[in-house]
Amino acid sequence: MVSEEVTAGIMQAEQAMYGPFFGSLGVTAAMAFAAAGSAYGTAKAGTGIASMAVARPDLVMKAIIPVVMAGIVAIYGLVVAVIVSGKVEPAGPNYTINNGFSQFAGGLVCGICGLGAGYAIGIAGDAGVRALSQQPRMFVGMILILIFAEVLGLYGMIVALILGAT
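What counts and what doesn't
- Within every chain, residues take consecutive numbers counted from 1 along the sequence as written.
- Per-residue local features of the predicted model are confined to residues with pLDDT of at least 70, and side-chain atom pairs are confined, for both listing and counting, to 80 or more; whole-chain, interface and lining totals are unaffected and use all residues.
- The basis for every side-chain value is the complete set of heavy atoms in the structure, and neither hydrogens nor water enter the calculation.
- UniProt positions are given in the numbering used here, feature names are shortened, and annotations may be inferred rather than shown by experiment.
- By definition, any uninterrupted DSSP run of H or I lasting at least four residues is a helix, any uninterrupted run of E lasting at least two residues is a strand, and each is numbered from the N terminus.
- When a residue's accessible area, from a 1.4 Å probe over protein chains only, is under 20% of the maximum for its type it is buried; when over 50% it is exposed; and in between it is partly exposed.
- Two residues qualify as a contact provided that any one of their heavy atoms is within 4.5 Å of a heavy atom in the partner residue.
- Only the protein chains shown count as cover for residues, and the accessible areas themselves come from Shrake-Rupley with a 1.4 Å probe.
- Asp and Glu are treated as the negative residues and Lys and Arg as the positive ones, with His and the ends of the chain left uncounted.
- One atom stands in for each charge, and that atom is NZ of Lys, CZ of Arg, CG of Asp or CD of Glu.
- Criterion for a salt bridge: a side-chain nitrogen of Lys or Arg within 4 Å of a carboxyl oxygen of Asp or Glu.
- Cysteine sulfur atoms that come within 2.5 Å of each other are treated as a disulfide pair.
- Note on ring pairs: Phe, Tyr and Trp rings are taken, using the six-membered ring of Trp, and paired if centres are within 6.5 Å. Classes follow the plane angle, with under 30 degrees stacked, over 60 edge-to-face and the rest tilted.
- In this analysis the charged atom, NZ for Lys or CZ for Arg, is taken to sit over a ring once it is within 6 Å of the ring centre and within 35 degrees of the ring normal.
- Think of each axis as a best-fit line through the C-alpha atoms, taken over the contacting stretch in the case of a helix, with angles from 0 to 180 degrees between the N-to-C directions.
- Note on terminology: angles under 35 degrees are roughly parallel, angles over 145 are roughly antiparallel, angles of 65 to 115 are roughly perpendicular, and the others are oblique.
- Put simply, Ala, Val, Leu, Ile, Met, Phe, Trp, Tyr, Cys and Pro go in the nonpolar bin, Asp, Glu, Lys and Arg in the charged bin, and everything else, Gly too, in the polar bin.

- The name that an unreviewed UniProt entry assigns to the protein is V-type proton ATPase proteolipid subunit, with the source organism given as Caenorhabditis briggsae.
- On record in UniProt, under Sequence similarities (unreviewed entry), the comment for the protein is "Belongs to the V-ATPase proteolipid subunit family."

Below, the structure is given as structure tokens:
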């Protein structure tokens, strides 16, 4: 008798009404933090491009790559936000507090990884395009550094999809 009451209490707690709030918060975190990282990366790399273009306007199109890569970070957040938001539903037997917490964690992972990736792309892109204006052979090295910075956001998206889509 007592065991059945305890089990019923646990089941009711698992189906808490605030579960979807955490799922929605994960959607928000994924998009907001990834967009903030993307914006910072775009602004920082764009500043370097503007500075570099004064001396070497012929290299501007090569130097635009960090800005494009920073924009991709926001797309990672958008993908996670759309997929996770499709999984958020009203609290009940099909959507427990565990689902909400998993989606919240996934959104945070994606968003914070995107924030870090955007920050790294911005700083590396700024320094890279300035170096590119002085030595055009720096292009391949700059691209490799930017790829390693970009992949941090990709790792966050993969983990977020594993966490949030289950």
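**So, the overall build of the protein**
Logical step 1: Scanning the protein from terminus to terminus reveals six helices and zero strands.
Logical step 2: When its C-alpha atoms are laid out on the principal axes, the protein stretches across 80 × 20 × 20 Å.
Logical step 3: Counting across all 166 residues of the protein, residues that qualify as buried make up 39%.
Logical step 4: A sequence separation of at least 24 residues applies to 86% of the contacts in the protein between residues at least 6 apart.
Logical step 5: About 8600 Å² of surface is accessible on the protein, with carbon and sulfur atoms providing 74% of the total.
Logical step 6: Between the centroid of the 6 positive side chains of the protein and the centroid of its 7 negative side chains there is a distance of 31 Å.

**Some points on the pattern of salt bridges**
Pairing between side chains of opposite charge can happen when the charged atoms of each approach one another.
Logical step 1: Taken as a whole and assessed by the stated rule, the structure comprises three salt bridges.
Logical step 2: Across the pair Lys44 and Asp126 runs a salt bridge, and its minimum N-O distance is 3.6 Å. With Lys44 in helix α2 (residues 19-55) and Asp126 in helix α5 (residues 97-134), the pair connects residues that are 82 residues apart, well separated along the chain.
Logical step 3: With relative accessibility at 10%, the residue Asp126 sits in the buried group.

**So, the state of the cysteines**
Logical step 1: Applying the stated criterion to the full structure yields zero disulfides.
Logical step 2: In this structure Cys110 is not part of a disulfide, and its nearest cysteine sulfur, from Cys113, lies 7.5 Å away.
Logical step 3: For Cys110, a relative accessible area of 2% translates into the label buried.

**Here we look at the packing of aromatic side chains**
Logical step 1: Within this structure, the stated rule accounts for four aromatic pairs.
Logical step 2: Where Tyr40 meets Tyr119, the ring centres are 5.0 Å apart and the plane angle is 20°; that geometry is what we call stacked. With Tyr40 in helix α2 and Tyr119 in helix α5, this residue pair connects regions lying 79 residues apart in the sequence.
Logical step 3: Feature note: the residues Phe21, Phe22, Phe101 and Phe104 constitute an aromatic cluster, connected by ring pairs.
Logical step 4: Its guanidinium or amino end placed over the ring of Phe139, Lys62 lies 4.8 Å from that ring's centre, counting from NZ or CZ.

**Details of the packing of α2 against α5**
Helix packing geometry: the angle between the two helix axes and the distance between the axes.
Logical step 1: Relative to each other, α2 and α5 sit at 0°, their axes nearing to 7 Å. Classed by the angle they form, the pair α2 and α5 counts as roughly parallel.
Logical step 2: For the contact of α2 with α5, a count of residues per class yields 21 nonpolar, 18 polar and three charged.

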